[in-house]
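As a plain string of letters, each chain reads:
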Amino acid sequence: MKRLILNISLLFSALFFLAGCDKTGNFPGAEVNPHIAIYDLRSFYKGADYPLTKESMLGSTGVTGVVVSDHSGKNMTAGLLMVQNKWRLNELRGIAINIGADASNYVPGDSVTVNLVGGVMKRIDGLLQVTGVNASAVVKVASGKTIPVNRVPSSYILANPDKYESTEVVLVKGGFDPIPAPTDTYSGDKLVNDGFGNFTLHTEAAATFAGTSLPGMANFFGVVEYTKGTDDNYAPHLRIRRPQDIILLSSTVTKAAIVISGFLAMPEGTPSTNGEYIQFLATQDINFAVTPYCVVTHNTNSAYQPTGVPVNGWATGGRRSYKFDLKTGTVAKGQYFYVGGNSNKLINGVGSTSIANGKWIVAKNTGSSAGDGLGDINADLLLNGTSAFADGIAVFEGLTVTKNTVPIDVIITGPNGAIYNLAQEAGLRIANTDWYDIINPVTLVPQPLYKQGSNTICLSRPAPTNAGFFYKLGGVYNIRLGRWVTARSQNRVDLEITSVLDELEKEFPVSSGTIPGLAPTKVVE
């Protein structure tokens, strides 16, 4: 009974307490934060000028955040102070505030508060900004704040520029299109490709770095503004603010003569041995008798010897890695060709269509033949439909592979298994590709092995079986630029016994019954 009386008393106390709250749900005497999230501030703009008052900002009077603008390089729109914060939904947003010449008094990393009451939010030259605010409305409360690196693919900015304008972003591994001549400089509008699309880099003629020669590849930090096109529409561009925004990665372009474009790891025909193959795409004319290459496969099947992390990398041998020497035959630029343990040259195992009409450089039965100087007899080079272990495929210039040999292209499937050991610095070396970087492009720390640093991208394959699946790696390699302009993505073709070569090499519309947007790797100039 005492417990019942106590519970009833607590209930009435709670109801009495709630009754003391006002109808808006706020406690008496509570005050609205004077600083509004920039995400919320920007949401008020609906296409028409928006006067900023305490009421129109829902009780707030301004914003606080970190400055990302810098006028020292003379490449920003005059008078704009750009501030960003991440207060709402963990979404980073920025706003440009026109305070006149005093904007040059602030540098990236300054923490400020800005009273916006009396200002007007409007779009000017495509950029959302606040006008009518006096420089005295800005108060610097700290300096030297760290601005987290915000790596944004160019395609993201092009798709949703409003999300990124007036924030600091970095385009990573940006290369110019066309490849710059020694006399080319930053001045004007230049197209930069970061592997996700072409993006305009805008530099004013008066910028302090306008006359600097263009690099082969670099990281470009900056802020997003707009350019008005001939159609009167505004397109986003990146403005480098100062020379320190340019992080040189390479002064030269290294082109890969061969790239990996697909593979079949487990044919559907029975038995399913002597049927694996890998598809490649040549980016230049090759006579293998004159310029030989080799292909090495590696898997981490714990039942295969030698076990453990591959201390000798791609040169591990045994049943873990297997080498194909490419030393006869020719391929033309833009041509697909095939290598693998498929002496019968069948598309999907025993009883399936012959694809001997394809360009085969090496086709042998790995179940009865050892590798070319590396690898034991092994009918199952690539693992069959499991995410537990990782496979790898690599292409090398020449016929010699050691633990230190760097490939020209690499594809890894699956994240697991004994593949990498930091203490031993043991594992599979990667190449600079659309997926991997020998040096971390943001931190500039060396990371030559798969699963080291940012080298974690891999394909996935369904379990328990992937019989008959050809993995088509859709991407675009620009021969002229010597780089991927559209990174490879994983597509899966469910082959039949009656499938034909075109299904491996051609692009198919949705009506064909294949995956929408299914496209092979291709080269362009």
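Every chain is numbered on its own, with residues counted from 1 as its sequence reads. In keeping with the predicted nature of the model, local features appear solely for residues at pLDDT of at least 70, side-chain atom pairs appear and are counted solely at 80 or more, and the whole-chain, interface and lining totals rest on all residues. Excluding hydrogens and water, the side-chain figures rest on all heavy atoms present in the structure.

Q: Sorry if this is basic, but what is going on with unusual backbone geometry here?
A: The amide bond that connects D177 to the next residue, P178, takes the cis arrangement and shows omega of 5 degrees. Each helix is a run of DSSP H or I of at least 4 residues and each strand a run of E of at least 2, with the numbering of both proceeding from the N terminus. Among the secondary structure elements, P178 is positioned in the loop between β9 (168–176) and β10 (188–193). The step from Q305 to P306 runs through a cis peptide bond, and the omega angle for that step is -5 degrees. Phi at L58 is positive, roughly 60 degrees, even though this residue is not glycine. Within the secondary structure, L58 is located in the loop between β1 (50–51) and β2 (62–67). Phi is positive for S166, close to 65 degrees, though the residue is something other than glycine.

Q: What is the right way to look at the confidence of the model for the chain in this model?
A: Interpreting fine coordinate detail is not advised for predicted regions of low pLDDT. One number per residue, pLDDT, summarises how confident the predictor is, and it ranges from 0 to 100. Averaged over every residue, the pLDDT of the chain is 87; residues scoring 70 or more account for 87%. Here residues 1–29 is modelled with pLDDT under 50, and outside its nearest four sequence neighbours on either side it reaches five contacts, counting other chains as well. Contacts between residues were defined by any pair of non-hydrogen atoms, one from each residue, lying within 4.5 Å. Confidence drops under pLDDT 50 across residues 509–517; counting only partners more than four residues distant or on other chains, this segment forms four contacts.

Q: Looking at this model, I keep getting lost on the sheet that holds strand β24 (residues 409–413). Mind explaining?
A: In a beta sheet, neighbouring strands are held together by backbone hydrogen bonds and run either parallel or antiparallel to one another. Across the sheet, which stays open at both edges, the four strands sit in the order β19-β18-β23-β24 with antiparallel pairing between neighbours. Each edge of the sheet is formed by a strand with only one pairing partner; in this case those strands are β19 (321–326) and β24. Across the sheet, the axes of successive neighbouring strands diverge by a mean angle of 15 degrees, strand direction being ignored. Inspection of the sheet shows strand β18 (residues 293–299) paired to strand β23 (residues 391–397) by seven bridges, in the antiparallel sense. Bridge assignment links N299 to a residue of β23, and that residue is D391. Pairing between strands is defined by DSSP: at least two bridges between the two strands are required. In this description, a line fitted to the C-alpha atoms serves as the axis of each element, helices being fitted only across the stretch in contact, and the angle between N-to-C directions of two axes falls anywhere from 0 to 180 degrees.

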